[in-house]
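Report on the structure
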Amino acid sequence: MPDPNGFLRYPRRVPARRPVPVRISDWREVYPPAGEELIREQATRCMDCGIPFCHDGCPLGNRIPDWNDLVRTGNWDAAVASLHATNNFPEFTGRLCPAPCEAACVLGIAGGDPVTIKQVEVEIADAAVERGGLRPQPVPAPTGRSVAVVGSGPAGLAAAQQLARAGHAVTVYERDDAIGGLLRYGIPDFKLEKRHIDRRVAQLAAEGVEFRTGVNVGVDVTAEQLRARHDAVLLACGALAGRDTPETPGRRLRGVHQAMAHLVAANRVVAAAGEGRPALAVLPDGTPIDAAGRHVVIIGGGDTAADCLGVAHRQGAAGVHQLDLYPQPPAARDEERDPWPTWPWILRSYPAHEEGGERVFAVAVQEFVDDGTGQVRAVRIAEVTVEKRDGRRIVSVVPGTERELPADLVLLAIGFEGTEEQPLLTQLRVTRNPRGAVDARPDWQTGTDGVFVAGDMHRGASLIVWAIAEGRAAAAGIHAYLGGGTPLPAPVDPGAQPLAAR
């Protein structure tokens, strides 16, 4: 029975972030552990509502009121079991997910303060490590069937674990030199230290999952070879095709790059330092992409842009401007636009924003300005208005508002256009839809029998919690396809969408 007065006795609190001058001098995570007293207090705020809408906000169907109450009563082992029953990697979601479950919390109605669900989740996940580690669950009786998982991001890893625990032989193919997908080289360490990935990879390996890194499927291994080795194939290659702005004058100047190129280069430097090796933040061709001493302009207002902002601070940028096409969002939910329990459009400030830099709203880049040698020296921007007409976005420049911002390094963080075009798709006779994603039938198969798809490759760039949910659901489809007995949990279907006002 929950404490019916907990939310009245305790205000919403989260642990204080590490001080800015300290944390920008290293790459460690921004948040320290909460401490048992604080986290039990916050779990006590959960009312265990008659209809817990947090379940609807979370595509994984996490049993949020259950593990909140288990934390409240100090039953940590049961809380760990309850959390892992629906989420393979809560230490990832607890650190990286923006928490649509909290937006759907009943305590958030009419501007109230929701339960700190995300913080409780990450503390339970960390408690699992502290209380005996992530124990492998090897299967006692193999099925004799084999599955190839192409891509080792959260969708691929979740599917691999589900299938391995069902008794199938699973091989994960990753074209990079280490497992984790964007978790490894796309997410900075100050949000997710890579030891969390390494622990899960060790657990999966102990459960029988085989990992093959440095293998570009479709090039190093053909689709024909892959299908000859395995009874089913899951495509979980993500949505890495970055949106560009080729029509903007000066786009091809030196110093103008995709944001993900900057993040990957920075992550490789941090990884090398952890191994005691020197490394520079450079592109694959050796072009420097370090923000040290540079005036940086980041174009985009989302998570990727904030990640670049935090990286630029730690690299020692001379100054940073972050540009957003849209006007500054309100501080609180607009109930007419985004009624509870849907995900609201509000101003979201990340830890990186309190570390420095300037945010500029309702502007668009008109030109990348050449310094005369082919290197960018500034961006020319103008204020704009944005409106929707017949489903199309119309951007209009406000006359007389043009100005320049200094820029030695420009990073494009304006979203993704879907999964990359690659030889593997052609070889499997799998096509991308107009959104750049790969469609799935109700059983998660693509148009090619025995070939399945999940995660951002199917959904488009989305939240980590959706990637894990789709990985689990696709694993259930593969298990059924291979003649598995007891069904695996399938939290979503291919057409599932986030909560939205109709």
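Structure: above.
Residues numbered from 1 in each chain as written. Predicted model: local features only at pLDDT ≥ 70, side-chain atom pairs only at ≥ 80, totals over all residues. Heavy atoms only, no water.

With respect to the overall build of the protein chain
Each helix and strand in the protein chain was counted, giving 18 helices and 14 strands. For the protein chain, the C-alpha radius of gyration of 23 Å lies close to 23 Å, the compact-globule estimate for 502 residues. Principal axes of the C-alpha set define a box for the protein chain whose edges measure 70 × 60 × 55 Å. Counting all 502 residues of the protein chain, 52% fall into the buried class. Excluding contacts between residues fewer than 6 apart, the proportion of contacts in the protein chain whose partners are at least 24 apart in sequence is 68%. Carbon and sulfur atoms make up 52% of the accessible area of the protein chain, which totals about 21,900 Å². Treating the 53 positive side-chain charges of the protein chain as one cloud and the 62 negative ones as another, the clouds have centres 1 Å apart. (Helix = DSSP H or I, 4+ residues; strand = E, 2+ residues; numbered from the N terminus. Rg over C-alpha atoms; globule rule 2.2 N^0.38 Å. Buried < 20%, exposed > 50% of the residue type's maximum accessible area, 1.4 Å probe, protein only. Contact = heavy atoms within 4.5 Å. Areas by Shrake-Rupley, 256 points an atom, 1.4 Å probe, with all protein chains shown as cover. Lys, Arg positive; Asp, Glu negative; His and termini not counted. Charge placed at Lys NZ, Arg CZ, Asp CG, Glu CD.)

Focus: the sheet that holds strand β3 (residues 210–213)
Reading across the sheet, the five strands line up as β3-β2-β1-β4-β14 and stay open at both edges, with parallel pairing between neighbours. The open sheet terminates on both sides in strands that have one partner only, identified here as β3 and β14 (451–453). Mean inter-strand twist for the sheet, computed between neighbouring axes without regard to direction, equals 20°. Both strand β4 (residues 232–235) and β14 contribute to a ladder of three bridges, which runs parallel. (Pairing = 2+ DSSP bridges. Axes fitted to C-alpha atoms, helices over the stretch in contact; angles between N-to-C directions.)

Thoughts on the packing of helix α6 (residues 76–84) against helix α9 (residues 117–130)
Where α6 contacts α9, the two axes come as close as 9 Å, and the packing angle between them is 110°. In this view, α6 runs roughly perpendicular relative to α9, as classed from their interaxial angle. Contact residues: W76, A79, V80, L83 and H84 in α6; E121, E123, I124, A125, A127 and A128 in α9. (Parallel < 35°, antiparallel > 145°, perpendicular 65-115°, else oblique.)

Side note on the packing of aromatic side chains
Under the counting rule described, the total for this entry stands at four aromatic pairs. With a centroid separation of 5.3 Å and an interplanar angle of 35°, the aromatic rings of F89 and F92 are classed as tilted. Taken as a pair, F89 and F92 share a single burial class, namely buried. One cation-aromatic arrangement involves R268 over Y185; the distance from NZ or CZ to the ring centre is 4.1 Å. (Phe/Tyr/Trp six-rings, centres within 6.5 Å; stacked < 30°, edge-to-face > 60°. Lys NZ or Arg CZ within 6 Å of the ring centre and 35° of its normal.)

In short, geometric facts, not functional conclusions.
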